[in-house]
Amino acid sequence: MDKRPIGIFDSGLGGLSAVKAALKHMPNENIVYFGDTQRVPYGSRSEETIESFAAEDIAFLEKFNCKLIMAACGTVSSVAVNATSKIKEPFIGVVKPSCKAAVTATRNGRIGVMATAASINSGAYTREIQKLNPSAQVFGVACPVLVSLVENDWIDEDDTITKEIIKRYVSSLLDDGVDTIILGCTHFPHLSSIIQSVVGDDVVLIDSGKEAILEAKRLIEENAMENDEEKGEAHYFVSDKTQNFSNIAKTLLGVDISDKVEYRNITE
Ligand code: DGL
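Worth saying up front: this structure is predicted, and the values here are computed from it rather than measured. (Residues numbered from 1 in each chain as written. Predicted model: local features only at pLDDT ≥ 70, side-chain atom pairs only at ≥ 80, totals over all residues. Heavy atoms only, no water.)

Running from N to C, helix α8 (residues 144-151) and helix α9 (residues 160-175) cross one another at 160°; their axes reach a closest spacing of 10 Å. For the element pair α8 / α9, the angle class is roughly antiparallel. Viewed along their axes, α8 and α9 form a crossing whose handedness is left-handed. Contact residues: P144, V145, L146 and L149 in α8; T162, I165, I166 and Y169 in α9. Residues of the contact of α8 with α9, tallied by class, amount to 7 nonpolar, 1 polar and no charged. (Axes fitted to C-alpha atoms, helices over the stretch in contact; angles between N-to-C directions. Helix = DSSP H or I, 4+ residues; strand = E, 2+ residues; numbered from the N terminus. Parallel < 35°, antiparallel > 145°, perpendicular 65-115°, else oblique. Left-handed = near helix turned anticlockwise from the far one by under 90°. Contact = heavy atoms within 4.5 Å. Nonpolar A, V, L, I, M, F, W, Y, C, P; charged D, E, K, R; others polar.)

Below, the structure written as structure tokens:
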């Protein structure tokens with residue numbers, strides 16, 4: 001019995017794709033979430049900036065006596081190697097679990113990665129996939145505009161503009177003949193039904209937030225660290241006004257979390 005929370009962080013709303021999976025697959029666990037909404041996006045920033053933001057996010061979560069810390073952020077998982085390697089608690093990023101899932105899912109060994117510019121430029125997804133399957137071919141595309149679409153709630157399945165933007169980003173991946181695409185930025189699973197409608201049902205989409213949660217579940221079970229209580233509690237902290245986050249989170253998670261979201265200045 002380990003009641004300590006799982007600490008999950010992202011630059012903004014993206015990590016809620018991991019929270020959504022946690023509410024489904026580990027509903028008994030307590031969660032502390034931090035979304036750095038004041039400084040989103042991370043994906044267009046330098047390595048130094050991403051490292052220092054990640055170190056501050058981690059230091060904030062470490063105050064909650066977490067049993068595990070998760071970077072539900074492809075950018076931090078790909079780039080902030082220094083900050084994440086210093087975490088004292090067990091740590092899970094999204095790169096390894098999603099690459100593992102993609103290598104298992106692909107039938108033709110051609111894997112696409114949609115992520116931020118920082119994640120694609122780091123080469124982290126390519127390295128990890130080729131470690132698992134040296135003959136796999138990896139095709140990456142940086143999709144920065146999709147982060148803003150999610151942060152601004154342009155995620156409706158019928159949104160023709162969002163669909164056109166996605167078409168533009170995935171066309172090279174389809175030309176490359178990928179049969180599996182990692183949604184390597186945690187904002188993108190919030191757009192997965194639109195992405196799936198563009199790429200077609202033959203292409204498998206890997207939800208990086210969900211894969212990280214399934215990995216966390218395995219780790220917690222292996223180490224007998226489950227919370228035996230029937231239902232866990234989730235608390236959310238953001239570094240800018242809470243209202244935007246609460247409103248969009250309601251659509252993304254399907255539950256009203258407005259009374260559980262608090263503003264926190266983590267750099268004080
Ligand atoms: N959700 C994040 C990721 O997984 C970051 C997006 C951003 O802040 O640019 O990469």
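The geometry of an aromatic ring pair is captured by two quantities: the separation of the ring centres and the angle between the planes. Counted under the stated rule, the structure contains 8 aromatic pairs. When the centroid spacing of 5.5 Å and the interplanar angle of 80° are considered together, the rings of F60 and F237 count as edge-to-face. A residue pair is termed long-range when its members are at least 10 positions apart, and F60 in helix α2 (residues 47-62) and F237 in strand β9 (residues 234-238) qualify at 177 residues. You can call F237 buried: its relative accessible area is 6%. Aromatic ring contacts, followed pair by pair, group F34, F60, F64 and F237 into a single cluster. The ring of F53 carries R39 above its face, with NZ or CZ at 3.9 Å from the centroid. (Phe/Tyr/Trp six-rings, centres within 6.5 Å; stacked < 30°, edge-to-face > 60°. Buried < 20%, exposed > 50% of the residue type's maximum accessible area, 1.4 Å probe, protein only. Lys NZ or Arg CZ within 6 Å of the ring centre and 35° of its normal.)

Along helix α10 (residues 192-199), the positions that sit buried rather than exposed are I194, I195, V198 and V199. Summarising the axial view, the buried residues of α10 lie within an arc of 125°, below the 170-degree limit, and thus occupy one face. The secondary structure elements touched by the buried residues of α10 are β5 (110-115), α9, β7 (180-183) and β8 (204-207). Positive backbone phi, approximately 90°, marks G200, located one or two places after α10. (Arc of directions from axis to C-beta.)

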